[in-house]
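Structural description and commentary
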Amino acid sequence: MSFRKLKNATMGMLVAATALLIIAILVIILWHIFISGAKYLNWDFFTRAPASVGESGGGVVNAIIGTFLITVVAAAIGTPFGMLAGIYVSENRGKRFADIVRLCADALQGVPSIVIGIFGYTFIVARFRSYSAIAASISLAFMFVPTTARVTEEVLNLVPSSLKEAAYALGARPSSVIWNVSIKTAAAGITSGLLTSMARIAGETAPLLFTAFGSRYIEWNMSRPMAALPLQIFIYAGSPYPSLQQQAWSAAFVLVLLILLLQFSARRLISRILRIHT
Amino acid sequence: MKRRTVLALSAVIIAALVAAPACSPASLVPVSDIAIAGSTFAEPLYVKQFDAWYQKTQVKTVYGAITSAGAIRALQDRTVDIGATDVLLSAEEQTQLPFSVLHIPTCLGAVAVCVNLPGNPSLRFDAALLSAVFRGDVKNWNDARIASLNPLVVLPDKPVVVVHRADSSGTTAVVTTYLSAVDEVWREKVGADRIVQWKSGIGGKGNAGVTALIRQTSGSIGYVQYAYAVEAGLNCIALRNRAGAFAEPSVASIQAAVPADMPSNLQTTLLDRAGDSTYPIVSFTWLVLYREQSYDNRPRARAQAIHSLLKWLLGEGQTLAEPLSYGSLPPAIRKAALQIVEQMTWQGEAVN
């Protein structure tokens, strides 16, 4: 075997090994959470609020509702800002202000989530003198905007300029080109970006500690303290009682399932958009 | 539109968004909902009690385990109705608060010193030995100082691993205050605080983290709240008390620490108290709230809801303490604590 072939084989094996390693780590984590969490899953777990300490049974429906509400409202607040910023940056490629916006989005993405939480506490919770789910949603929206802006920009950049030029040649106004050509072509990609960003914020604990606060009751009112899955896992995992630690595993299992589901739908949409362009 | 106009308009929109919350009315929370935050130590008990209170009255009480230190901050920002702390607020901490506060004890807790050694031997320590071990002075379990107090125990040849809290903690404050009070060397070299300098050993986060580390590490010794030690089945050391006897932590030995003559504000230490069966590292855990409840235009109904919750916690609520390995308050203390609750006012009038 020549040296070149040997080198090729070695590198190929190394690449395959690292790929396998990544898959193995994911499988081990999922398997462990599944084994530890699945055996305590039952119908009650999805339909009931937590049981009292020391009593068996009870569920995390309060946290499931909380995570759902907080994430959806955060996405609702963040989507317009993120998308519009993304469109602006994409349409004004190369201009100085667009570069500044992109830089700011990247910087905001790098801000540790606990800092976002303290921001939410200082500017919303402390000002209204009350912990609330809406404070959590606004804090999470600050994490949602930069990722959404960047994804929107990247996906819009993929739209072939020939398509847009064709629209301009037909006499379309810039607003019409953006809406009817760019956005419509990139719709699946943008949606998948939104879902990925939602999956990211759904798993955040730190911004919720000082804002959503947690609650043991089923709560629909966004102006009140509310439970969320990551928060509940954090509290239960640190408790002295085995029954609560088990519930932490089950809640972790539900959260991972939820996030994988979001990621999976995002992948499906991405594969759809890639088919469009090839 | 010109670029400058666009920029100016966006600036106006952003300013409006930032300013909007500042103009809104203060509180959005329904009058009867109560928010309490603080101590991680007392969290399981409080949660249990608040659940029972909700079953009874449909008043929702949310509890956030943001640590005793966090409770002070939350009280200062007036984001909670009541703060929960394992240590009394110092005079300096109280001056940082806008109004005067009431301290109400709700249960008794103890800090257990636990070891992980093969065969789970019953060990006896005195304060000097505990101080020496925690300072990293005693490096091996077969040290003569341990052997002299435990002549009947076969001590293994194993390095001593001290497990302590890595985070700021009321539990650490209680232990180090005890050691500073009873051991001069500790007072001079380490002192008492929520965080102290540990010479050796490993740090865990929260009582749960320390509990897990003790369970995993053979040859380890660490301190956790008694409820955690019981639930995890840890081997607790008997400590020499003021009377010279050795006492293991238990609900009875914790309650024995409460002396007959307490000051009316109950603000006295329960560390190293007299009595043959008294466990030496005992403390109250406290709820702290503002004496005058009409701040921030809070309605009278809110003060009343808090008032009835506190009264219930000191009455019927006490029965929930012992099943969870907390010490309930002796009757005399309950009575004194209820009198503190009655000092609550709303616009200068008593709340009831």
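Residues numbered from 1 in each chain as written. Chains lettered and ligands numbered in written order. Predicted model: local features only at pLDDT ≥ 70, side-chain atom pairs only at ≥ 80, totals over all residues.

1. Some thoughts on the confidence of the model for chain B
Residue and element names in this part refer to chain B. Per-residue pLDDT for chain B averages 88, and the proportion of residues at 70 or more is 93%. Under a pLDDT of 50 for its full length, residues 22-29 has, in the predicted model, 14 contacts with residues more than four places off or in other chains. Note on the complex model: pTM 0.80, ipTM 0.75. (pLDDT = per-residue confidence, 0-100. Contact = placed C-beta atoms within 7 Å.)

2. Structural notes on the nonpolar core
In this structure, Ala212 and Ala251 of chain A together with Ala112, Val113 and Ile281 of chain B are the most contacted members of the largest nonpolar core, which totals 170 residues. For this core, the leading source of residues is helix α6 (residues 133-158) of chain A, giving 15 residues. Both of domain 1 (3-108 + 284-350) and domain 2 (110-282) of chain B provide at least three residues apiece to this core. With residues near it in sequence (within four places) discarded, Val113 of chain B still touches Phe125, Leu130, Ile221, Tyr223, Cys236, Ile237 and Leu239 of chain B. (Core = buried A, V, L, I, M, F, W, Y, C linked by C-beta atoms within 7 Å. Buried ≥ 20, exposed ≤ 12 C-beta atoms within 10 Å, placed from the backbone. Helix = DSSP H or I, 4+ residues; strand = E, 2+ residues; numbered from the N terminus. Domains from an automatic or database assignment.)

3. Regarding the pairing of strand β4 (residues 101-116) of chain B
Residues and elements named next belong to chain B. The buried count for β4 comes to 14 of 16 residues, which makes it a mostly enclosed element. Two elements, β4 and strand β12 (residues 282-290), share 9 bridges in a ladder whose sense is antiparallel. Residue pairing for β12: Pro105 is matched across the bridge by Trp286. Note: β4 against strand β8 (residues 220-225), 6 bridges, orientation antiparallel. Paired with Cys114 across the strands is Gly222, a residue of β8. The sheet contact formed by β4 and strand β9 (residues 235-236) spans 2 bridges and is antiparallel. From the neighbouring strand, Val115 faces β9, where its bridge partner is Asn235. (Pairing = 2+ DSSP bridges.)

4. Here's the deal with the environment of Asp106 of chain A
Residues and elements named next belong to chain A. Here Asp106 is to be found in helix α4 (residues 96-109). Residue classification places Asp106 among the exposed residues on the basis of 12 C-beta atoms within 10 Å. On a C-alpha basis, the gap between Asp106 and Thr122 in space is 23 Å, while along the polypeptide they are 16 residues apart.

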